[in-house]
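One-letter residues, chain by chain:
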Amino acid sequence: MTRLQRRLLRGALATTFLLGAPGMTQTTLQPSTSKVQQAASPERLLFKDDGMTPNSRLPTLVYRGVTLEGDKASALEKLFTANGWPARWRYTVYDFHHYHSNAHEVLGVASGTARLKLGGESGQEVTVHAGDVLVLPAGTGHRRLEASGDFLVVGGYPGGTGDYDLQRPEKATHDASVQRIAQVPLPGADPVTGKQGVWFSAWKP
């Protein structure tokens, strides 16, 4: 065998290893089942203070189609908890405008679909499906407009926040809420990507 033939043979073997022979299932190249597959970049939504709902200078992040194997609710709980946002509940999203003035919140859609209103009365409608994850900075208004019968959400808070409040948009409580929101520290990681991805540039001080 000539030197050129040996080179061509090595190249063909390398290509087969990386791409797989025709008809081969490339299981060896798939990520571990503990890994998360998600869209390259989350959507970023900014909402202004409307005098009733404070919202935030930080953008709401919407991850689309986070792919998790097995039971999605359990997988979302494990993912959030592993990234420092322990899951606290499984439920739906309340059907009235509200926000949390003392905690950031992550909402992972485990099943079903829904139309949500983010940012308060003058905010934006967003449709979510199973596998979508919303990261809401403290003060961000949200409510459920309509949902399928199987709509289920996993909710969590950074650092195991246990005393997160629930505020309705009101002028009488607005200013006090703004003061509390300013005191909420930035979390140490993103609930979906951990310390990777675009999160730190999106939420940098």
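Details of the structure are given in the entry above.
Keep in mind it's a predicted model, so treat the numbers as computed, not measured.

K.L.:
In this structure, what is going on with the pairing of strand β4 (residues 105-111)? I would like to understand it.
P.N.:
For a regular strand, side chains alternate in direction, first toward one face of the sheet and then toward the other. With six of its seven residues buried, β4 lies for the most part within the structure. Pairing geometry for β4 and strand β7 (residues 133-136), over four bridges, is antiparallel. Within β7, the residue paired with Glu105 across the bridge is Leu136. As defined by bridge partners, β4 adjoins strand β9 (residues 152-156) across five bridges and the pair is classed as antiparallel. Each residue of the ladder has a partner; that of Leu107, found in β9, is Gly155.

K.L.:
Mind showing me how you'd approach a negative patch on the surface here?
P.N.:
On the surface, Asp49, Asp50, Glu121 and Asp175 cluster together into a patch of negative charge. If you trace the backbone, Asp49 turns up in the loop between β1 (43-47) and β2 (56-63). Overall, the relative accessible area of 39% leaves Asp49 in the partly exposed class.

K.L.:
I tried to follow the nonpolar core on my own but got confused; where do I start?
P.N.:
In summary, soluble globular proteins display a tendency toward joint burial of nonpolar side chains. One finds Leu61, Tyr63, Leu76, Phe80, Val133, Val135 and Trp203 to be the most contacted residues of the largest nonpolar core, which totals 20 residues. Counting residues per element, the ones that place at least two in this core are β2, α2 (72-82), β4, β7 and α4 (199-202). The biggest single contributor to this core is α2, with five residues. Sequence-distant contacts of Tyr63, defined by excluding residues within four places in its chain, comprise Pro42, Gly131, Asp132, Val133, Val135, Asp190, Val192, Thr193 and Trp199. Within the second largest apolar cluster, 18 residues are counted, among which are Trp89, Leu116, Leu118 and Val153.

K.L.:
Sorry, what's going on with a nonpolar patch on the surface here?
P.N.:
Together, Tyr91, Tyr94 and Leu166 give the surface a local cluster of nonpolar side chains, amounting to about 300 Å² of exposed area. Within the secondary structure layout, Tyr94 lies in the loop between β3 (87-91) and β4.

K.L.:
In this structure, what is going on with the sheet that holds β2? I would like to understand it.
P.N.:
Strand pairs in the sheet, formed through backbone hydrogen bonds, run parallel or antiparallel to each other. Sheet architecture is open: six strands sit in the order β1-β2-β7-β4-β9-β3, paired in antiparallel fashion. Of all strands in the sheet, those with a lone pairing partner are β1 and β3, marking the two edges. Strand-to-strand twist in this sheet, taken as the mean axis angle between neighbours without regard to direction, amounts to 20°. The pairing of β3 with β9 spans four bridges and is classified as antiparallel. Of the residues in β9, the one forming a bridge with Arg90 is Val154.

Rules and cut-offs
Residues numbered from 1 in each chain as written. Predicted model: local features only at pLDDT ≥ 70, side-chain atom pairs only at ≥ 80, totals over all residues. Heavy atoms only, no water. Buried < 20%, exposed > 50% of the residue type's maximum accessible area, 1.4 Å probe, protein only. Helix = DSSP H or I, 4+ residues; strand = E, 2+ residues; numbered from the N terminus. Pairing = 2+ DSSP bridges. Patch = residues over 30% accessible without salt bridge, like charges linked within 9 Å, V, L, I, M, F, W, Y side chains within 5 Å. Areas by Shrake-Rupley, 256 points an atom, 1.4 Å probe, with all protein chains shown as cover. Salt bridge = Lys/Arg side-chain N within 4 Å of Asp/Glu carboxyl O. Lys, Arg positive; Asp, Glu negative; His and termini not counted. Charge placed at Lys NZ, Arg CZ, Asp CG, Glu CD. Core = buried A, V, L, I, M, F, W, Y, C linked by side-chain atoms within 4.5 Å. Contact = heavy atoms within 4.5 Å. Axes fitted to C-alpha atoms, helices over the stretch in contact; angles between N-to-C directions.

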